[in-house]
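The lines below spell out each chain.
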Amino acid sequence: KAKESGRNQYRYFQSGMSEQLSQQLCMERGLRNAIELQQLSIQYQPKVCLQSGMIESVEALLRWEHPQIGEISPEVFIPLAERSGQIGMLGDWVLENAIRQCVEWHKAGLPELSIAVNVSPAQLIRGRFAQTLARLLEQYNLAGQFLLLELTESVFLEAGQELRQSLSVIQGLGVRLAIDDFGTGYSNLAYLKKFQVSQLKIDRSFVTNLMDSVENQAIVTAIVQMARSLGLTTIAEGIEDKQTADFLGQLGCDKGQGYHWSRPLEAAQMPGFLLADTPLLKATAI
Ligand code: C2E
Ligand code: MG
Ligand code: MG
Ligand code: MG
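Residues numbered from 1 in each chain as written. Chains lettered and ligands numbered in written order. Predicted model: local features only at pLDDT ≥ 70, side-chain atom pairs only at ≥ 80, totals over all residues. Heavy atoms only, no water.

Examining the side chain of Asp180
Note that Asp180 resides in strand β6 (residues 176-182). Of the buried charged residues, Asp180 lacks a salt bridge, with Lys201 as the closest side chain of opposite charge at 4.5 Å. (Helix = DSSP H or I, 4+ residues; strand = E, 2+ residues; numbered from the N terminus. Buried < 20%, exposed > 50% of the residue type's maximum accessible area, 1.4 Å probe, protein only. Lys, Arg positive; Asp, Glu negative; His and termini not counted. Salt bridge = Lys/Arg side-chain N within 4 Å of Asp/Glu carboxyl O.)

Here it is, written out as structure tokens:
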């Protein structure tokens, strides 16, 4: 009897595994054709200056609509693309489309808007990244100052010669670097000075319930103070209410991002959103 139930358990386990595996394979195969089949898109979320309320930049966030599975979160398919070697292809697509979009907005009456693009460690470590970036900026005639790359701390764990060279080419183009999800990873902070990072992005996990957690308030306060003394700007992600926005503004945090102002929007909605409320906008009118 024990043997029997053991067998059943094993079978159950196996079918659970294979279901998960086949879903993974389905996604991996699907990702290969997602660009061609036009299943990918980018949404943009405003970054708001906490003192003035102005919006000078927006973050590009990749979206994938799978015909069978539906909308798949980037938290699922980005790690998959990293493991299956497809992140280079996806990353290039995001970079090109975000740059093209930024140029379009400049022409449409938002001449000072900049874009932030997320870059995976695996993508950056590939030798061609910096060259691809240089070529795209030239091709679309966009100055590097309008682009900020959001990297995670893990990039700096294996900061070898190649990465150093790549980052120095990138910064030579005038492109700035931000550390995304700051506070969740690596704790040796020497890299902040060594690589001339411009912005620290305080992780959502410290921000979303900030008003209910004195621990998170202490962490966020320490990050903002440290960033200020190093001459870096700070932005808090995941702000969902006015109280949190006000609290962070009083602390001296420079910018905020979150549902309090806006969810990520379709590109076509952005000029309307920015132009609807003039104090939000740092741009010359259309
Ligand atoms: P991230 O770069 O830290 O982006 C912030 C995430 O928080 C986004 O999720 C955004 O939609 C969400 N968010 C913004 N405001 C709020 C808020 O007020 N409350 C809550 N609960 N969430 C908020 P999303 O778009 O699902 O992206 C998840 C992650 O996927 C990103 O985290 C980033 O690490 C990755 N990702 C997205 N697009 C790309 C891409 O083009 N390339 C790479 N390499 N990674 C990407
Ligand atoms: Mg980001
Ligand atoms: Mg983040
Ligand atoms: Mg994140």
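Okay, back to it.
Re the site of ligand 1
The immediate surroundings of ligand 1 are formed by 21 residues, with Arg63, Asp180, Arg204, Glu240 and Tyr259 found nearest. In the model, an oxygen atom of ligand 1 is placed 2.9 Å from a nitrogen or oxygen of the Asn118 side chain. Here Ser120 contributes a side-chain N or O atom positioned 2.9 Å from a nitrogen atom of ligand 1. Alone, ligand 1 offers 800 Å² of accessible surface; in the complex the protein occludes 86% of this. Mapped onto the shell around ligand 1, the elements with two or more residues apiece are β2 (55-66), α2 (74-83) and β6. (Near = heavy atom within 4 Å. Polar contact = N/O pair within 3.5 Å; in protein donor to acceptor, adjacent residues only side chain to side chain. Areas by Shrake-Rupley, 256 points an atom, 1.4 Å probe, with all protein chains shown as cover.)

Some points on the coordination of the magnesium ion (ligand 3)
Within the first shell, the magnesium ion (ligand 3) binds the protein through Asp180 (OD), Asp181 (OD), Glu237 (OE) and Glu237 (OE), at distances of 2.0 to 2.7 Å. Mapping the donors of the magnesium ion (ligand 3) onto the primary sequence yields the spacing D-D-x55-E. Between the magnesium ion (ligand 3) and the magnesium ion (ligand 2), the interatomic distance is 4.0 Å, and Asp180 donates to each metal, bridging them. Here Asp181 is found in strand β6, whereas its partner Glu237 is found in strand β8 (residues 233-237), with 56 residues between them in sequence. When its relative accessible area of 12% is taken as the criterion, Glu237 is described as buried. (Donors = N, O, S within 2.8 Å, 3.2 Å for Na, K, Ca; no water.)

Overview of the environment of Ala222
Within the secondary structure, Ala222 sits in helix α9 (residues 214-229). Accessibility expressed as a relative area gives 42% for Ala222, which makes it partly exposed. Considering only alpha carbons, one finds Ala222 and Leu251, 29 residues apart in sequence, at a separation of 9.9 Å.

A look at helix α6 (residues 161-172)
Helical geometry: 3.6 residues make up each α-helical turn, so side chains three or four residues apart lie on a common side. The terminal C-alpha atoms of α6 lie 16 Å apart, and with twelve residues this matches the ideal 16 Å at 1.5 Å per residue to within 8%. Of all the residues in α6, the buried ones are Leu163, Ser166, Leu167 and Ile170. Angularly, the buried residues of α6 cover 95° about the axis, an arc narrow enough to put them on a single face. Exposed side chains of α6 directed beyond 90 degrees from the buried face belong to Gln161 and Gly172. Residues of α6 that are buried sit in contact with α4 (121-125), α5 (129-140), β5 (147-152) and β6. (Expected span 1.5 Å × (residues − 1). Arc of directions from axis to C-beta. Contact = heavy atoms within 4.5 Å.)

Thoughts on the confidence of the model for the protein
Here the protein shows a mean pLDDT of 89. Residues at 70 or above account for 90%. Note on residues 1-11: pLDDT under 50 across the span, and zero contacts to partners over four residues away in sequence or across chains. A low-confidence stretch, residues 282-286 stays under pLDDT 50, and its non-local contacts, those more than four residues away or across chains, total twelve contacts. Among the prediction metrics, the complex's ipTM stands at 0.98, with pTM recorded as 0.91. (pLDDT = per-residue confidence, 0-100.)

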